[in-house]
Amino acid sequence: MGAPHIVIGGGLSGLAAAIRLARFGEPVVIIEQHNRLGGLNSYYTRNGRLYETGLHAISNFAPRKQRHAPLNKLLKQLQLSRDDLSICEQLRSEIHFPGTEPLLFSNDFSLLRDTIDDVFPHALAGFDRLVQRLDHHDPFAPAPFTATREILSSFLNDQQLIEMLLCPLLFYGSSWQDDIDFNQFTILFRAIYQDGFFRPAGTIKDLLDLLTETLIERGATIITGTGVEHLRVVDDRVESVILENGEELDCNIVISTIGSDETRRLAGKNIDKTDIVRLSFFESIFTVDSTGKTAVSKDATCIFFCRQNRLRYRKPNTPVDLKSGVISLPDNFSGREAGTMRDVRITHLANYQQWFDARAASASSYDDLKAAYARKSARVAEAYVGSFFEAITYQDSFTPLTVQRYTGKIEGAVYGSPNKHTDGACGFANMFLAGTDQGYLGIIGAMLSGVLMVNRHILPKLAK
Amino acid sequence: MTRAEIRDLIIEIIKDIDDEAQFDDVSPDEPLRDQLDLDSMDFLDIVMELRKRHKLQIPEEDYPQLATLNSCVNYLEPLLHNA
Ligand SMILES: Cc1cc2nc3c(=O)[nH]c(=O)nc-3n(C[C@H](O)[C@H](O)[C@H](O)COP(=O)(O)OP(=O)(O)OC[C@H]3O[C@@H](n4cnc5c(N)ncnc54)[C@H](O)[C@@H]3O)c2cc1C
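Below is a summary of the structure that appears in this document. (Residues numbered from 1 in each chain as written. Chains lettered and ligands numbered in written order. Predicted model: local features only at pLDDT ≥ 70, side-chain atom pairs only at ≥ 80, totals over all residues. Heavy atoms only, no water.)

Quick notes on the overall build of chain A
Okay, step 1: Per the secondary structure count, chain A includes 13 helices and 20 strands.
Okay, step 2: Its C-alpha atoms give chain A a radius of gyration of 22 Å, within 12% of the compact-globule value 23 Å for 464 residues.
Okay, step 3: Within chain A, buried positions represent 59% of all 464 residues.
Okay, step 4: Pairs at least 24 apart in sequence give 71% of the contacts found in chain A among residues at least 6 apart.
Okay, step 5: Accessible surface, chain A: about 18,300 Å² in total, of which carbon and sulfur atoms supply 48%.
Okay, step 6: The distance from the centre of the 49 positive side-chain charges to the centre of the 54 negative ones in chain A is 1 Å. (Helix = DSSP H or I, 4+ residues; strand = E, 2+ residues; numbered from the N terminus. Rg over C-alpha atoms; globule rule 2.2 N^0.38 Å. Buried < 20%, exposed > 50% of the residue type's maximum accessible area, 1.4 Å probe, protein only. Contact = heavy atoms within 4.5 Å. Areas by Shrake-Rupley, 256 points an atom, 1.4 Å probe, with all protein chains shown as cover. Lys, Arg positive; Asp, Glu negative; His and termini not counted. Charge placed at Lys NZ, Arg CZ, Asp CG, Glu CD.)

A short note on helix H6 (residues 159–171) of chain A
Residues and elements named next belong to chain A.
Okay, step 1: Taking 1.5 Å per residue as the helical rise, H6 with its 13 residues ought to reach 18 Å, and the 18 Å between its terminal C-alpha atoms agrees with that figure.
Okay, step 2: For H6, a buried count of twelve out of 13 residues is recorded, marking the element as mostly surrounded by other parts of the structure.
Okay, step 3: Between the side-chain oxygen at the start of H6 and the backbone nitrogen of Gln 160 there is a gap of 3.0 Å, and the oxygen is on Asp 158. (Expected span 1.5 Å × (residues − 1). Polar contact = N/O pair within 3.5 Å; in protein donor to acceptor, adjacent residues only side chain to side chain.)

Topic: the interface of chain B and chain A
Okay, step 1: The interface of chain B with chain A comprises 19 residues on the first partner and 19 residues on the second.
Okay, step 2: Here chain B meets chain A over a buried area of about 1,800 Å², counting both sides, of which 47% is carbon and sulfur.
Okay, step 3: Of all residues in chain B, Met 41, Met 48 and Arg 51 of chain B bury the most surface against chain A, accounting for 31% of the area lost on that side.
Okay, step 4: At the junction of chain B and chain A, the tally comes to nine salt bridges. (Buried area = accessible area lost by both parts, 1.4 Å probe. Salt bridge = Lys/Arg side-chain N within 4 Å of Asp/Glu carboxyl O.)

Quick look at the environment of Met 1 of chain B
Residue and element names in this part refer to chain B.
Okay, step 1: Considering the arrangement of structural elements, one finds Met 1 in the segment before helix H1 (3–17).
Okay, step 2: Judged by its relative accessible area of 23%, Met 1 is partly exposed.
Okay, step 3: With 28 residues separating them along the chain, Met 1 and Asp 29 place their C-alpha atoms 20 Å apart.
Okay, step 4: With near-sequence residues (within four places) excluded, Met 1 lies in contact with Ile 6, Leu 9, His 54, Leu 80, His 81 and Ala 83.

Quick look at helix H13 (residues 442–457) of chain A
Okay, step 1: With 16 residues, H13 of chain A should cover 22 Å at 1.5 Å per step; its first-to-last C-alpha distance of 22 Å lies within 8% of that length.
Okay, step 2: For H13 of chain A, the buried fraction is high: 13 of the 16 residues fall into the buried class.

A short note on the packing of H6 of chain A against helix H7 (residues 182–195) of chain A
Residue and element names in this part refer to chain A.
Okay, step 1: Following both chains from N to C, one finds H6 and H7 inclined at 90°, their axes separated by 10 Å at the closest point. When the axes of H6 and H7 are compared, the pair comes out roughly perpendicular. Packed against H6, whose contacting residues are Met 164, Leu 165, Leu 166, Pro 168 and Leu 169, the element H7 presents Phe 185, Leu 188, Phe 189, Ile 192 and Tyr 193 at the interface. (Axes fitted to C-alpha atoms, helices over the stretch in contact; angles between N-to-C directions. Parallel < 35°, antiparallel > 145°, perpendicular 65-115°, else oblique.)

Structural notes on the nonpolar core
Okay, step 1: Formed by 78 residues in total, the largest nonpolar core has its most connected members in Leu 12 and Ile 255 of chain A together with Ile 14, Leu 32 and Leu 76 of chain B.
Okay, step 2: Sequence-distant contacts of Leu 32 of chain B, defined by excluding residues within four places in its chain, comprise Ile 14, Val 26, Asp 37, Leu 38, Phe 43, Leu 66, Ala 67, Thr 68, Leu 69 and Cys 72 of chain B.
Okay, step 3: Listed in part, the 54 residues of the second largest apolar core include Leu 134, Phe 155, Trp 176 and Phe 197 of chain A. (Core = buried A, V, L, I, M, F, W, Y, C linked by side-chain atoms within 4.5 Å.)

Remarks on the sheet that holds strand S2 (residues 28–32) of chain A
The strands making up a sheet associate through backbone hydrogen bonding, with each pair oriented either parallel or antiparallel.
Residues and elements named next belong to chain A.
Okay, step 1: Reading across the sheet, the six strands line up as S9-S2-S1-S13-S20-S19 and stay open at both edges, with mixed pairing between neighbours. With partners counted over all chains shown, the strands left at the sheet margins are strand S9 (221–224) and strand S19 (425–428), one partner each. Across this sheet, the average inter-strand angle for adjacent strands is 20°, counted without regard to direction.
Okay, step 2: In this structure, S2 lies alongside S9, joined through four bridges in parallel fashion. In the strand pairing of S9, Val 29 is matched with Thr 221. (Pairing = 2+ DSSP bridges.)

Section: the environment of Gly 227 of chain A
Residue and element names in this part refer to chain A.
Okay, step 1: Structurally, Gly 227 is set in the loop between S9 and strand S10 (228–234).
Okay, step 2: Taking relative accessible area as the criterion, Gly 227 reaches 2% and is therefore assigned buried.
Okay, step 3: The spacing of Gly 227 and Ile 8 is 219 residues in sequence and 8.2 Å in space, taken between C-alpha atoms.

Thoughts on the sheet that holds S10 of chain A
Residues and elements named next belong to chain A.
Okay, step 1: With antiparallel pairing, three strands are arranged side by side in an open sheet as S10-S11-S12. The open sheet has two free edges, formed respectively by S10 and strand S12 (248–250), since each of these has just one partner strand. When strand polarity is set aside, the average angle formed by the axes of neighbouring strands in this sheet is 30°.
Okay, step 2: As defined by bridge partners, strand S11 (residues 237–243) adjoins S12 across three bridges and the pair is classed as antiparallel. Its bridge partner lying in S12, Ile 242 is registered against Glu 248.

Focus: the packing of aromatic side chains
All names here are of chain A.
Okay, step 1: Applying the stated criterion across every chain, the model contains 26 aromatic pairs over all chains.
Okay, step 2: Taking the centre distance of 6.1 Å and the plane angle of 70° together, the rings of Phe 109 and Phe 189 count as edge-to-face. Of this pair, Phe 109 sits in helix H3 (residues 109–119) while Phe 189 sits in helix H7, placing them 80 residues apart in sequence.
Okay, step 3: On the accessibility criterion, Phe 189 (0% relative accessible area) is buried.
Okay, step 4: Ring geometry for Trp 355 and Tyr 366: centres 5.8 Å apart, planes at 85°, overall edge-to-face. Residue Trp 355 is found in helix H10 (residues 352–361), and its partner Tyr 366 is found in helix H11 (residues 363–385); the two are separated by eleven residues along the sequence. (Phe/Tyr/Trp six-rings, centres within 6.5 Å; stacked < 30°, edge-to-face > 60°.)

Below you can see the structure in the form of structure tokens.
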């Protein structure tokens, strides 16, 4: 048997790509620099409790009978059983802007439509036409960047509604500032509003364990704890992959999930120092003792908020932009038992450079800044979820530097570069991108990306 | 393999890909795609399973020959002659 295919990165896109290859008996090696798989969606333990690092809610919920829905398609392509996921659906999510009633949405699309009818009755007809337009739009057909705000303005005669509808979609999947490409908007509109949110009954560890066991069962090789140090390239072919521990692996086709510039860097290519802006986030997790006088919402799964009329989804001039954010309440999914300890997670846009400078100044100034912003963030969130500050028993925050350290993403940009490579091409004859910089985001998006790039670039070209 | 065996092989592969596939009413000369609600990803799986099980190499330009049950059998018969 010839050299194996190599998957760089053990996040969800890499795991899915490797499972897909192993399913057909292809020799495959997946390489993850950390000891633990999962990438952005992993976990750690503190005080005997498991904390998820990335998970708020998984988009693209679909009932079993919708055979062609992305979730079911993905499971089928990976030959995984839906029952192994133990799916819990969201209760409902909320979008809060000043001066208007919140919009609500759930896995039943009519809730969003009904609240729009209540809050913006004059815009309902336009909203229906927009949905019709989206239903007929093929977001996978290649197209140049098309600004979404302009299109929305032609359907919706209320700027506030436009801002509110954009808020969850930008936070959960835009690597562009302020606006978003219309194809990406269409994908996210379906994934978040028309399909909705779910999560596993247990933790993300269950999903990662399932994927890992599947890989082992199908004969894949998993290497963890040592990353790819560089790629040996001759002309435009990757000849071999050299690991941090010095090992050199010959390769057939390479799927890289670590980002486009990050991959080019491994191949010794210069990265154009362009002025692209990479967006990154600050997130805090609070564990709250709910036996006391706290009143953390038991109804909302995700709360998207903006404290000014126009959403500014862009890199802030301060370490953290407290004017907008997402609050995730992972206990509020149907079928999940909330114990007395409840988690509140809050995410805001952040400025990488300012965290970098704080860290460069001293470890303590970085820690102090983190603690200060965690406190402010909690206070901001209380307006939306109820008071909990006094009942916090544990807290942790991560900054753009944390994301960069754990995933290698330049500037800790969770959604990668704004320049996507939807065809997976990255300038090499036998290496293709999957995951964040290929363009499908989120957990289901990342996994589909891994599957689609294998389907497109490897499977049809296999020799006997 | 006989024609009947090849036909059974295809049915078995499709059932592995989609355990809900119902062959009772499948007409052998109508497209499988429409009758069983299959898409291009499913067809890729059929091709890959044939490769895995019988070391068959089916070039992309031949995929259309797998459109119906009968066209599958016609196409595969010479290839699986000695299988
Ligand atoms: C705080 C936060 C919350 C999120 N919440 C959600 C959510 O609720 N729902 C949702 O659907 N999505 C969520 N996401 C987004 C989702 O996590 C990502 O879109 C998805 O996981 C990306 O997967 P990936 O495989 O493309 O990238 P990654 O997860 O980044 O995987 C890349 C992997 O490559 C490894 N790597 C990097 N360089 C090397 C190297 N040189 N050698 C070897 N390995 C290397 C990294 O360590 C990493 O494990 C969230 C993200 C964050 C940060």
